[in-house]
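Observations on the model geometry
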Amino acid sequence: MLDQLAELETKGLSELDAAADAGAIEAWRIAYLGSKGRLKALMPRLKDVPKEDKAAVGKRLNEVKSNLEGAFKAKSSGGDAVPASAGSMIDMTEPGLIDSAGVGRRHIITRVRDELVEVFAQMGFSVAEGPELEDDEHNFIKLNIPQGHPAREPIDNFYVDDPLKSSLPRMLRSQTSTVQIRTMEDAVAKGWGPPIKVISPGRVYRPDTVDATHSFMFHQIEGLHLDRDVSMVDLKTTLFQFARAYFGEGADIRLRPSFFPFTEPSAEFDMKIALKPGAEPAWIELGGCGMVDPNVLQACGVDPEQWSGFAFGFGIERLAMGKYNIPDIRLLFENDVRFLEQL
Ligand code: DAH
């Protein structure tokens, strides 16, 4: 009996190996594993085996059965033979081969933007939006950047041809500060504010030469908080709280006096960051901030005698690079999956 089993196994496996298409595999299954197949045919003979050998032979019988079944399973799912009726063999309810297709995820900039919105939301800021295609008035004039100011030079901005020939020059916005203006105008026109407490994340465009820290398109997040008696202390508290919430309790930050046409006083907001793992941390400028200039409030119909406020604008790429130790801004836009998969 043991010899017969061994022969059945060897022959069965080699015949299965030779089966070239789905029809042959199925014929093999019927011949060997079917209800009238060779394996079944051996079963009744177990009763003729001497009592003392029964356990060993029974064990071997199971072994051969499972080897043949295993080989059959492997062959019919392994795919070197095309199933004769492929349509009926595909189970559409089975999950696909996810690993080989690759699982997508949101881009790191999108994730950082959402994290920032979340942190500021917890501090009471809601989200405001504005267009990327802007006009001179919102990008410059109402932000206290008059005609002739060097920031308006065509070489530093993406002005666009305007087929509508509107009276105001149009451009891709160079800063999200435009949304401060639009939000104040909207609040005054519709009577919902001030008080105003908004942030606005979005794309901005500048014709900068691309290098490790510059790109012609990047993202900023703008903040505006207007209320009665808002002071520089509120600004500092908000920014420090934000930095600790986003970067952790140990975040090393400072405000440094600076100048922006739309804030008075103005400051730059720096943080000590090591952009490369293991490198000495250095002060990196994250953005600008300050108390909203009364001229800006007035231009939007807000009475500076009654309301005061602070504003800030950060580069989202800088924040992402600082948090995730990304040494080169270009990595964020080249979309090399080998890089994106690491985040
Ligand atoms: N808009 C400025 C820039 O792009 C950043 C900035 C500075 C925004 C001061 C502000 C601010 O809201 O108050 O460089």
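Quick notes on the rules
Residues numbered from 1 in each chain as written. Predicted model: local features only at pLDDT ≥ 70, side-chain atom pairs only at ≥ 80, totals over all residues. Heavy atoms only, no water. Pairing = 2+ DSSP bridges. Helix = DSSP H or I, 4+ residues; strand = E, 2+ residues; numbered from the N terminus. Phe/Tyr/Trp six-rings, centres within 6.5 Å; stacked < 30°, edge-to-face > 60°. Buried < 20%, exposed > 50% of the residue type's maximum accessible area, 1.4 Å probe, protein only. Polar contact = N/O pair within 3.5 Å; in protein donor to acceptor, adjacent residues only side chain to side chain. Contact = heavy atoms within 4.5 Å. Axes fitted to C-alpha atoms, helices over the stretch in contact; angles between N-to-C directions. Core = buried A, V, L, I, M, F, W, Y, C linked by side-chain atoms within 4.5 Å.

On the basis of which strands lie adjacent, the open sheet formed by three strands has the order β2-β4-β3 and antiparallel pairing. Edge positions in the sheet fall to β2 (133-135) and β3 (159-160), since each of these pairs with one other strand and no more. Relative to strand β4 (residues 170-172), β3 runs antiparallel, the two being bridged by two bridges. Of the residues in β4, the one forming a bridge with V160 is R170.

Across all of its chains, the model carries 14 aromatic pairs by this definition. For the ring pair F120 and F242, a centre distance of 4.8 Å and an interplane angle of 10° mean the geometry is stacked. With a gap of 122 residues between them, F120 in helix α7 (residues 108-122) and F242 in helix α10 (residues 232-247) connect regions that are remote in the sequence. The exposure class assigned to F120 is buried, which follows from its relative accessible area of 0%.

The subject of this paragraph is the side chain of Q220. Considering the arrangement of structural elements, one finds Q220 in strand β6 (residues 217-227). We classify Q220 as buried; its relative accessible area is 11%. Within the local environment of Q220, its side chain forms a polar contact with the backbone nitrogen of T176, the two atoms lying 2.9 Å apart. In this structure, Q220 is in contact with Q175, T176, S200, P201, G202, V204, R206, F314, G315 and I316, ignoring residues within four places of it in sequence.

All right, on to the sheet that holds strand β9 (residues 282-292) then. Within the open sheet, the seven strands sit side by side as β1-β5-β6-β10-β9-β8-β7. Their pairing is mixed. One side of each edge strand has no neighbouring strand; the edge strands of this open sheet are β1 (126-127) and β7 (253-260). Pairing between β9 and strand β10 (residues 308-315): five bridges, direction antiparallel. If you follow G290 over to β10, its bridge partner there is A311. Where α7 meets the sheet, it contacts β1, β5 (196-205), β6 and β10, and its direction lies at approximately 165° from that of β5.

Now for the pairing of β6. Counting buried positions along β6 yields 10 of 11 residues, so the element is predominantly enclosed. Sheet topology places β5 next to β6; 10 bridges connect them, and they run antiparallel. Across the sheet, V198 pairs through a bridge with L224, a residue of β6. Pairing analysis gives eight bridges linking β6 to β10, with the strands arranged antiparallel. When the sheet's bridge partners are listed, D227 is paired in β10 with S308.

On to the nonpolar core, then. Residues F242 and F312 are the most contacted members of the largest nonpolar core, which totals 40 residues. Residue assignment for this core shows that the elements contributing at least two residues are α7, α10, β8 (263-273), β9, β10, α12 (316-324) and α14 (337-340). Here this core gets seven residues from one element, more than from any other, and that element is α7. Not counting residues within four places of it along the chain, the set of residues in contact with F312 comprises F120, F125, I199, I221, E222, G223, L239, G288 and C289.

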